[in-house]
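Listed below, chain by chain, are the residues.
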Amino acid sequence: MTSSAFTDHLQQKLDGFLKQVLESPLWASVADPKADPLYVRTVIKYVLLEIFSYGPHVTEATFTAIGRFPKDRPDLMKPMILHDISEVNHCEIALRDFVRLGGDESWARSRRITPASFAMAATVRMLAQSESPFAYLGYMYPFESLTPVLTAHIQPILARQAFPAESQRFIDFHATEDIAHAKALRAFVERVVAEYPSAKDAIEYAFACFSVVYPIPIWTAAEAHARLELEGRPI
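Please read all numbers here as calculations on a predicted model, not as lab measurements.

Definitions and limits used
Residues numbered from 1 in each chain as written. Predicted model: local features only at pLDDT ≥ 70, side-chain atom pairs only at ≥ 80, totals over all residues. Heavy atoms only, no water. Core = buried A, V, L, I, M, F, W, Y, C linked by side-chain atoms within 4.5 Å. Buried < 20%, exposed > 50% of the residue type's maximum accessible area, 1.4 Å probe, protein only. Contact = heavy atoms within 4.5 Å. Helix = DSSP H or I, 4+ residues; strand = E, 2+ residues; numbered from the N terminus. Phe/Tyr/Trp six-rings, centres within 6.5 Å; stacked < 30°, edge-to-face > 60°. Lys, Arg positive; Asp, Glu negative; His and termini not counted. Salt bridge = Lys/Arg side-chain N within 4 Å of Asp/Glu carboxyl O. Polar contact = N/O pair within 3.5 Å; in protein donor to acceptor, adjacent residues only side chain to side chain. Axes fitted to C-alpha atoms, helices over the stretch in contact; angles between N-to-C directions. Parallel < 35°, antiparallel > 145°, perpendicular 65-115°, else oblique. Left-handed = near helix turned anticlockwise from the far one by under 90°. Nonpolar A, V, L, I, M, F, W, Y, C, P; charged D, E, K, R; others polar.

Undergrad: Even after reading the chapter, I still don't get the nonpolar core, so can you show me in this structure?
TA: One finds M120, Y136, Y139 and Y214 to be the most contacted residues of the largest nonpolar core, which totals 76 residues. Excluding anything up to four places from it in sequence, M120 contacts Y54, V58, F143, F210, V213, Y214 and I218.

Set out below in structure tokens:
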């Protein structure tokens with residue numbers, strides 16, 4: 001399989017995965033025109049908290065993977081390091097929106113992360129540390145590709161629900177910013193597999209691992225917390 005055929009193959013898998021996500025009951029519960037605005041707002045609030053929880057682990061895992069690149073390839077390391085640096089504070093952007101929606105910052109910073117975020121964090125860390133260093137592209141490419149699509153899909157839903165604009169800065173930013181990131185990562189995957197054909201299997205394996213832990217399990221945890229809050233029960 002040529003490198004371009006491989007990226008086409010990955011994109012087909014990603015398109016199928018996105019279809020599953022958008023057809024999931026959880027997405028439908030938020031997208032439903034009859035959904036309670038308070039329910040939607042609270043689910044988004046806890047999704048943002050999950051992003052804050054797993055975000056640092058993704059960036060740290062990615063730094064680890066890039067640090068394991070062949071040492072004669074700083075030309076491959078540099079663009080990916082710069083990309084990861086640009087992502088470092090995004091978890092803090094999510095936290096600020098969580099707080100604007102009524103979340104407790106001290107609690108968010110001190111609590112243990114949910115098992116769903118823990119599983120996602122553990123997956124990316126294991127892939128970065130134990131698989132081919134290029135395996136990380138198998139989680140980063142779908143991660144960056146899904147984010148602009150999902151955030152763009154949620155924007156009109158939130159507009160219909162009169163969601164507070166000052167609390168969706170993370171969503172609005174990623175609906176546009178990650179489009180370029182996704183294109184750049186696709187090109188990088190193609191470059192890597194052209195030069196290191198064995199990376200194909202590692203990337204595809206990482207894609208499969210990542211799709212098990214993201215995004216549905218993360219959203220399910222957020223939705224469970226939202227229901228507890230709405231029912232006045234302890235989280």
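Let us keep going from here.
Undergrad: Sorry, what's going on with helix α5 (residues 90-100) here?
TA: The α-helix advances 3.6 residues per turn, and as a result positions three or four apart in sequence lie on the same side. Within α5 the residues assigned to the buried category are H90, C91, I93, A94, L95, D97 and F98. Just past α5, the residue G102 takes up positive phi, approximately 105 degrees.

Undergrad: In this structure, what is going on with the packing of aromatic side chains? I would like to understand it.
TA: Any two aromatic rings considered together are summarised by their centre-to-centre distance and by the angle between their planes. With the rule as written, the count across this model stands at 12 aromatic pairs. Between F69 and F134, the ring centres sit 4.8 Å apart and the planes meet at 50 degrees, which makes this aromatic pair tilted. In this pair, F69 sits in the loop between α3 (37-67) and α4 (74-87) while F134 sits in the loop between α7 (115-130) and α8 (137-160), placing the two residues 65 residues apart along the sequence. No difference in accessibility class separates F69 from F134, as the two residues are buried. Centroid distance F143 to Y214: 5.1 Å. Interplanar angle 80 degrees. Geometry classified as edge-to-face. A residue pair is termed long-range when its members are at least 10 positions apart, and F143 in helix α8 and Y214 in the loop between α10 (199-213) and α11 (216-230) qualify at 71 residues.

Undergrad: Help me understand the side chain of D84, please; the structure alone is not making it clear to me.
TA: Tracing the sequence through the fold places D84 in helix α4. Comment: no salt bridge for buried D84; closest opposite-charge side chain is R125, at 10 Å. Once residues lying within four places of it in the same chain are set aside, the contact partners of D84 are T59, T62 and F63.

Undergrad: How do you make sense of the side chain of S145 when you look at a structure like this?
TA: Position of S145 among the secondary structure elements: in helix α8. Engagement of the side chain of S145 in a polar contact is seen with the backbone oxygen of Y141, the distance being 2.7 Å. What S145 contacts, discounting residues up to four positions off in sequence, is L14 and A182.

Undergrad: How should I be thinking about the packing of α3 against α8 in this particular structure?
TA: For any two helices packed against each other, the geometry is given by the interaxial angle and the distance between the axes. In the contact formed by α3 and α8, the axes pass within 14 Å of each other and the chain directions differ by 160 degrees. It follows that α3 is roughly antiparallel to α8 by the angle criterion. Taken as a pair, α3 and α8 cross one another with a handedness that is left-handed. The residues of α8 that touch α3, namely those facing V40, I44, Y54, V58, A61 and T62, are Y139, M140, F143, I154 and L158. Residue composition of the contact of α3 with α8, by class: 10 nonpolar, one polar and no charged.

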